[in-house]
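Residue-level listing of the chains:
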Amino acid sequence: MKQNRDWNLKEMRVIGLTGGVGCGKSFVAAVLSKHFPIYVLYTDEIAKRQMQPEGESYQAVVKEFGKEILMPSGEIDRSYLSRKIFADEAAKKRLNQLTHPRVEQEVLDTITKLKETKKYLAVFVETALLIEAGYQKFCDEVWYVWASKEERIHRLSKFRGYSKERIEAMIHAQACEENFFSCADHVIINKDDTDVEEILIQAERIFLEWSEEK
C-alpha cells in the first residue's frame, strides 16, 4: 500500500459514500480517512448537531412536531421522534423537508472551504439518503458500500440489538439494492470477512485510476 504517495491530482473530488443500513459505511469512511488524505462529512452527525437547541433545524422541527418531542433538558428526543414518524410517510417527508436543505447547505459550505486548503485527495459525504436527498448532483462520483442482506441483518441484531421486525422494516424503507447499484460509480465490498487491508486495496485501485487520468 502507498497511502502517503503524491496522488498528483488537479482538484479535490467530492464522493458520495452510501449504502443500506448495516452495510458499514461509517466503518469504511473511518478506515479511508485514517489511511488516505481524505475528509469525511457524516450527514447524520450534521443533522444531529443541527437539531440541538442552538442548531439551525431545532426551532422548525419543534414547531412542526410539537413540544411533546422534547426531553426535560429541552433537547429533541430523537429516538421518540424517530418512532413517531417511522410509520408515517407524510411526517417523515415533512421532517426531511425541514432538515435536508440545512444539512446540504452545511455540506456544500464545508466542501468549498476544504477545496481552498488543497490538502485533501477527496471529501467523502457519508449518507444513507444520497439518492433521496439528491446529493449525487454535486458529487463527482458515488461509491456504494455493499454487504449482503443476511450480513446486514446479523450486524444490526448483534451490535445494535434491533429486533428482526425492526431491521426488516428499516431495510424495506431504504432504496433497494438495484437503485444503489444503478447510481454507483464504484462498489466497495464490505462482507463480514473483509478486513481493513482489503478495503484499502479496493480504494487504492480507484485512487490510482484517478491519478492516471489525463
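Residues numbered from 1 in each chain as written. Predicted model: local features only at pLDDT ≥ 70, side-chain atom pairs only at ≥ 80, totals over all residues. Heavy atoms only, no water.

A. View of unusual backbone geometry. Even without glycine at this site, Lys118 takes up a positive phi of about 55°. With respect to the secondary-structure elements, Lys118 resides in the loop between helix H5 (89-117) and strand S3 (122-126). (Helix = DSSP H or I, 4+ residues; strand = E, 2+ residues; numbered from the N terminus.)

B. Highlighting the pattern of salt bridges. All chains considered together, the criterion is met by 10 salt bridges. Of the charged contacts, one joins Glu68 and Lys84 as a salt bridge, the two residues approaching to 3.3 Å between their closest N and O atoms. With Glu68 in the loop between helix H3 (58-65) and helix H4 (78-86) and Lys84 in helix H4, this pair connects stretches of sequence that are 16 residues apart. Residue Lys84 is classed as partly exposed on the basis of its relative accessible area of 35%. The salt bridge involving Lys149 is made with Glu168; its shortest N-O contact spans 3.4 Å. A residue pair is termed long-range when its members are at least 10 positions apart, and Lys149 in helix H7 (residues 149-160) and Glu168 in helix H8 (residues 164-173) qualify at 19 residues. Residue Lys149 is classed as partly exposed on the basis of its relative accessible area of 37%. (Salt bridge = Lys/Arg side-chain N within 4 Å of Asp/Glu carboxyl O. Buried < 20%, exposed > 50% of the residue type's maximum accessible area, 1.4 Å probe, protein only.)

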